Amino acid sequence: KAKPEENGTVKADGEAKTEEEDKEDKAAQSLLNKLIRNNLVNTNNQVEVLQRDPNSPLYSVKSFEELRLKPQLLQGVYAMGFNRPSKIQENALPMMLAEPPQNLIAQSQSGTGKTAAFVLAMLSRVDPANSWPQCLCVSPTYELALQTGKVIEQMGKFYPEVKLIYGIRGNKLERGMKIQEQIVIGTPGTVLDWCLKFKFIDPKKIKVFVLDEADVMIATQGHQDQSIRIQRTLPKNCQMLLFSATFEESVWNFAKRIVPEPNIIKLKREEETLDTIKQYYVNCNSKEEKFQALCNIYGAITIAQAMIFCHTRRTAGWLAGELSREGHQVALLSGEMVVEQRAAVIERFRDGKEKVLVTTNVCARGIDVEQVSVVINFDLPVDKDGNPDNETYLHRIGRTGRFGKRGLAINMVDSKGSMNILNRIQEHFKKKIEKLDTDDLDEIE
Ligand code: ADP
């Protein structure tokens, strides 16, 4: 697909999407997050807990010992390097492990410990003496299912009697067989077939049902229907758990159909702000001039690490080439890359192996690289109608209040049109974007 180069009415990477592409986008983003994440995200927000039975005491734990886990599991948790429960785990774990089992809908951003929590719950409820499926976990894609499977394997490392099988397309089983593994993790279509069509699984023996990434899941109508059909085959006393990173109305409506009588746990994501950011713009007439201005900025101030956003893959590729020629160590994140390649690029950048990351928006959505002090909008973010994309602007350069260091954002303007976009962004956030004269850069820093 050839894409026009100029800013304005053109479609950027990934826009004008079909439902399937949209889902793939969300799933890829989620996978990317998992691949590049190696610890918990910081959060200062309070967990909101809505109990099904408001009279029952609300338990929260500050240590894993308090949960009275099987020793093999406690050992697994510590071997993963976890010292204490994360914010949502403090409340979610006692709830998920309670007797009699309780249902739960939990929402918190990626990286807050949801997966680790439900994996621990599944492993705790399994009876390894029984050779049949007891826990069922559905994920939106094959790759996401594999990631969760890895966590089960890690956490269950000292509990080898518990076995896991992947219910994913391509995993073909012999007709008439019965699955002996206690945990099945897969995608909705295959899992449904395994329960209903092939009867590899007796759904009446399932004790825990987990639906992960509900927000990604509902992007596909088929997945919603399949998930609901799986849920209907399960016994009434089966524990139902649903997780989502975001919580729009549509997710909520779906969640209520999957999880009857739920407890609800929510953790608001840390708000991003522009308060700690110095914002500038540079006036240019062409992309070559923008590149020259960029070189001047690099010549004038010390930039430890910068992220540069372009509107199209072509501009990003071009700019990365020009910067390399100038002697910069440049990393390029491009739409053609598969998720694993993107994760590798981001990791190298995070490790400081490259000092500049050039990218289009799609690739970098949702990534926070904390040490980046300078963000450059080589092209301003616009939506598919050519209007300012304020949300993306905030997301590129904003910081989460309390943890954010001070940052610098530089916007490159190259036409009347983009000046207009800049003005509208400025008005939207009611924060001044100062003009920067790149021939006289004393004022910066
Ligand atoms: P989510 O499912 O919400 O995206 P994860 O369960 O994948 O979150 O956790 C995010 C990262 O934090 C993972 O690398 C995981 O190993 C780690 N993690 C999870 N729980 C803890 C904990 N209690 N202590 C330390 N690290 C944790």
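Higher on the page you've got the structure.
**Details of the sheet that holds strand 14 (residues 374-377)**
And then number 1: Strand order across the open sheet formed by seven strands is 12-13-11-14-16-10-17, with parallel pairing between neighbours. A single partner strand is all that each edge strand has here, and the edge strands are strand 12 (330-333) and strand 17 (434-435).
And then number 2: Summarising the sheet, strand 11 (residues 306-310) and strand 14 pair through four bridges and their orientation is parallel. Bridge pairing in strand 14 places Met-307 opposite Val-375.

**A short note on the site of the ligand**
And then number 1: Residues in contact with the ligand amount to 18 residues; listed here are only the nearest, Arg-84, Gln-89, Gly-111, Lys-114 and Thr-115.
And then number 2: In the model, an oxygen atom of the ligand is placed 2.9 Å from a nitrogen or oxygen of the Lys-114 side chain.
And then number 3: Against a free-state accessible area of 560 Å², the protein chains account for coverage of 83% of the ligand.
And then number 4: It is helix 4 (residues 114-125) that provides the largest number of residues to the shell around the ligand, a total of three residues.
And then number 5: Looking at the shell around the ligand, its residues break down into five nonpolar, 10 polar and three charged.

**Focus on the environment of Leu-192**
And then number 1: With respect to the secondary-structure elements, Leu-192 resides in helix 6 (residues 188-197).
And then number 2: Overall, Leu-192 belongs to the buried group, its relative accessible area being 5%.
And then number 3: Note: C-alpha distance between Leu-192 and Ile-297 (105 residues apart in sequence) is 57 Å.
And then number 4: Once residues lying within four places of it in the same chain are set aside, the contact partners of Leu-192 are Lys-197, Gln-226, Arg-229 and Ile-230.

**Looking at the side chain of Asn-103**
And then number 1: Within the secondary structure layout, Asn-103 lies in the loop between helix 3 (87-97) and strand 2 (104-107).
And then number 2: Within the local environment of Asn-103, its side chain forms a polar contact with the backbone oxygen of Pro-260, the two atoms lying 2.8 Å apart.

**Considerations on the nonpolar core**
And then number 1: Ranked by size, the top nonpolar core spans 44 residues in total, and within it Met-96, Met-122 and Ile-183 carry the most contacts.
And then number 2: Tallying contributions element by element places helix 4 first for this core, with eight residues.
And then number 3: Aside from chain neighbours lying at most four places away, what touches Met-122 is Cys-135, Cys-137, Ile-152, Ile-183, Val-208 and Val-210.
And then number 4: Formed by 34 residues, the second largest nonpolar core is a distinct cluster that contains Val-216, Ala-343, Phe-349 and Val-375.

**So, the packing of helix 3 against helix 4**
Two packed helices can be described by the angle between their axes and the distance between those axes.
And then number 1: Running from N to C, helix 3 and helix 4 cross one another at 20°; their axes reach a closest spacing of 10 Å. Judged on the interaxial angle alone, helix 4 and helix 3 are roughly parallel. The crossing of helix 3 and helix 4 is right-handed. Every residue of helix 4 that contacts helix 3 at Ile-88, Gln-89, Leu-93, Met-96 and Leu-97 is listed here: Lys-114, Ala-116, Ala-117, Phe-118, Leu-120, Ala-121, Ser-124 and Arg-125.
And then number 2: Looking at the contact of helix 3 with helix 4 residue by residue, the class counts come to nine nonpolar, two polar and two charged.

**A short note on the pattern of salt bridges**
And then number 1: Scanning the entire structure with this criterion turns up 12 salt bridges.
And then number 2: Note that Lys-431 is salt-bridged to Asp-275, the shortest N-O span being 3.1 Å. Placement of Lys-431 in the loop between helix 15 (416-429) and strand 17 and of Asp-275 in the loop between strand 9 (272-273) and strand 10 (277-283) is noted, with a sequence separation of 156 residues between them.
And then number 3: Owing to a relative accessible area of 30%, Lys-431 belongs among the partly exposed residues under this scheme.
And then number 4: With its nearest N and O atoms 2.9 Å apart, the salt bridge here joins Lys-290 to Asp-379. Here the residue Lys-290 occupies a position in helix 10 (residues 287-300), and Asp-379 occupies one in the loop between strand 14 and helix 14 (390-397), the gap between them amounting to 89 residues.
And then number 5: Overall, Asp-379 belongs to the buried group, its relative accessible area being 7%.

**Describing the side chain of Lys-290**
And then number 1: For Lys-290, a relative accessible area of 1% gives the class buried.
And then number 2: In terms of polar contacts, Lys-290 uses its side chain to reach the side chain of Asp-379, at 2.9 Å.
And then number 3: When sequence neighbours within four positions are dropped, the list of residues in contact with Lys-290 reads Cys-284, Phe-378, Asp-379, Met-412 and Asp-414.

**A short note on the packing of aromatic side chains**
And then number 1: Scanning the model with the defined rule gives eight aromatic pairs in all.
And then number 2: Taking the centre distance of 5.5 Å and the plane angle of 65° together, the rings of Phe-247 and Trp-252 count as edge-to-face.
And then number 3: For Phe-247, a relative accessible area of 23% translates into the label partly exposed.
And then number 4: Each ring, one from Phe-291 and one from Trp-318, has its centre 6.1 Å from the other, and the planes form 70°; the classification is edge-to-face. Taken together, the residues span a long stretch of sequence, with Phe-291 in helix 10 and Trp-318 in helix 11 (residues 313-325) at a distance of 27 residues.

The rules behind each value
- Residues numbered from 1 in each chain as written.
- Predicted model: local features only at pLDDT ≥ 70, side-chain atom pairs only at ≥ 80, totals over all residues.
- Heavy atoms only, no water.
- Pairing = 2+ DSSP bridges.
- Helix = DSSP H or I, 4+ residues; strand = E, 2+ residues; numbered from the N terminus.
- Near = heavy atom within 4 Å.
- Polar contact = N/O pair within 3.5 Å; in protein donor to acceptor, adjacent residues only side chain to side chain.
- Areas by Shrake-Rupley, 256 points an atom, 1.4 Å probe, with all protein chains shown as cover.
- Nonpolar A, V, L, I, M, F, W, Y, C, P; charged D, E, K, R; others polar.
- Buried < 20%, exposed > 50% of the residue type's maximum accessible area, 1.4 Å probe, protein only.
- Contact = heavy atoms within 4.5 Å.
- Core = buried A, V, L, I, M, F, W, Y, C linked by side-chain atoms within 4.5 Å.
- Axes fitted to C-alpha atoms, helices over the stretch in contact; angles between N-to-C directions.
- Parallel < 35°, antiparallel > 145°, perpendicular 65-115°, else oblique.
- Left-handed = near helix turned anticlockwise from the far one by under 90°.
- Salt bridge = Lys/Arg side-chain N within 4 Å of Asp/Glu carboxyl O.
- Phe/Tyr/Trp six-rings, centres within 6.5 Å; stacked < 30°, edge-to-face > 60°.

Spatial relationships are all this shows, so hold off on functional conclusions.
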